[in-house]
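Listed here are the chains, written in short residue letters.
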Amino acid sequence: MKLAFPTSLLFAFAALAPAQVRPEFEVASAKIVPPGNSTESYMPTLDIAPGGTLHISNRRLDEIIMLAYNIGVKQLSGPRWLAEPTTDPSVVTRYEIVAKVPSDAKKDQIPQMLQKLLEDRCKLQVHRESRTMQTYVLGVGKGGLKLDTSVPNNNRMPGCARVISGEVGAAADCYSVTAAQLAQQLQSLAPGYFRDGPIV
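Small disclaimer: the values here were computed from a predicted structure and weren't measured.

A. Highlighting the pattern of salt bridges. Enumeration according to the criterion identifies nine salt bridges in this entry. One salt bridge connects Glu24 with Lys116, and the closest N-O pair in it is separated by 3.9 Å. You can see Glu24 sitting in the loop between strand 1 (2-13) and strand 2 (27-32) and its partner Lys116 sitting in helix 3 (residues 110-122), a full 92 residues away along the chain. What makes Glu24 partly exposed here is its relative accessible area of 46%. Here Lys116 falls in the buried class, since its relative accessible area comes to 17%. As a salt-bridge pair, Arg60 and Asp62 come within 2.9 Å of each other at their nearest N and O atoms. Taken as a pair, Arg60 and Asp62 share a single burial class, namely buried. Put simply, Arg59, Arg60, Asp62 and Glu63 are held in one network by salt bridges that share partners.

B. Quick peek at the packing of helix 1 (residues 61-69) against helix 3. Contact geometry for helix 1 and helix 3: axes closest at 8 Å, N-to-C directions at 140°. The way helix 1 lies across helix 3 gives a crossing that is left-handed. Residues Leu61, Ile64, Ile65, Leu67, Ala68 and Tyr69 of helix 1 form the contact with helix 3, whose own contacting residues are Pro111, Leu114, Gln115, Leu118, Glu119 and Cys122. Each residue belonging to the contact of helix 1 with helix 3 can be placed in one class, and the counts come to ten nonpolar, one polar and one charged.

C. Focus on unusual backbone geometry. The backbone of Asn70 shows a phi angle near 55°, a positive value even though the residue is not glycine. Structurally, Asn70 is set in the loop between helix 1 and strand 5 (76-77). Here the phi dihedral of Lys123 falls at roughly 55°; this positive angle occurs in a residue that is not glycine. For Lys123, the position within the fold is in the loop between helix 3 and strand 7 (124-134).

D. Just the environment of Leu138, in detail. Examined against the element boundaries, Leu138 turns out to sit in the loop between strand 7 and strand 8 (159-165). It is 7.7 Å that separates the C-alpha atoms of Leu138 and Ala179, two residues lying 41 residues apart in sequence. With sequence-adjacent residues up to four places away left out, Leu138 is seen in contact with Ala179, Leu182, Ala183, Ile199 and Val200.

E. Local environment of the nonpolar core. If you look at the biggest cluster of nonpolar residues, it comprises 28 residues, and the most contacted ones within it are Phe25, Leu54, Ile56, Ile64, Ile65, Leu114 and Leu118. The leading source of residues in this core is helix 1, at seven residues. Beyond its immediate chain neighbours, meaning those up to four positions away, Leu118 contacts Leu61, Ile64, Ile65, Ala68, Lys123 and Leu124.

F. View of the state of the cysteines. Inspection of every chain in the model, using the stated rule, returns one disulfide. The disulfide bridge from Cys160 ends at Cys174, spanning 2.1 Å between sulfur atoms. In this structure the cystine formed by Cys160 and Cys174 twists about its S-S bond by roughly 110°; its chirality is therefore right-handed. Taken as a pair, Cys160 in strand 8 and Cys174 in strand 9 (residues 169-175) lie far apart in primary sequence, 14 residues in all.

G. Structural view of helix 4 (residues 179-189). With eight of eleven residues buried, helix 4 lies mostly within the body of the structure. Taken together, the buried positions of helix 4 are occupied by Gln181, Leu182, Ala183, Gln184, Gln185, Gln187, Ser188 and Leu189.

Basis of the calculations
- Residues numbered from 1 in each chain as written.
- Predicted model: local features only at pLDDT ≥ 70, side-chain atom pairs only at ≥ 80, totals over all residues.
- Heavy atoms only, no water.
- Salt bridge = Lys/Arg side-chain N within 4 Å of Asp/Glu carboxyl O.
- Helix = DSSP H or I, 4+ residues; strand = E, 2+ residues; numbered from the N terminus.
- Buried < 20%, exposed > 50% of the residue type's maximum accessible area, 1.4 Å probe, protein only.
- Axes fitted to C-alpha atoms, helices over the stretch in contact; angles between N-to-C directions.
- Left-handed = near helix turned anticlockwise from the far one by under 90°.
- Contact = heavy atoms within 4.5 Å.
- Nonpolar A, V, L, I, M, F, W, Y, C, P; charged D, E, K, R; others polar.
- Core = buried A, V, L, I, M, F, W, Y, C linked by side-chain atoms within 4.5 Å.
- Disulfide = S-S within 2.5 Å.

In structure tokens:
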């Protein structure tokens, strides 16, 4: 299926022009993970309660951008090192982000906060344009829904953890995610399968 998708993002890394005031995290830490530490990673949803903490663990910059702007890998354009990341784990730069959401914030402001963090720390600059591209649709098959409903667990945050090991390859465990959040997460969990377009 080919659709005119409204959000295709072109990224550049340069000094930003003055912009309107947008919501931001109360406090945030963003740092590079030491090379070679790529066996386990975690990408949350942005469904975080006011006063809560956003924690992104061991993920590439392109994956964090995809989460912040709710886009798929094919909607991301930019420098080759960003838009065409190598699969060699020894040269991939990964990041750890811990950010405190203000107690008076609204949930729909959290993506804007992550976008602002990327702009402030990485000097990210965004240009939007429309393109026609193939789109994958995540839906319920003829046999009915086969996913389990998440059981409430105060010790787990909503999101997807990915583990890479020599025995099983890569495995992912997603907890308390909506269908829309799963569609977005799949694009960074298994980008090789969805290189022709985003999942909706």
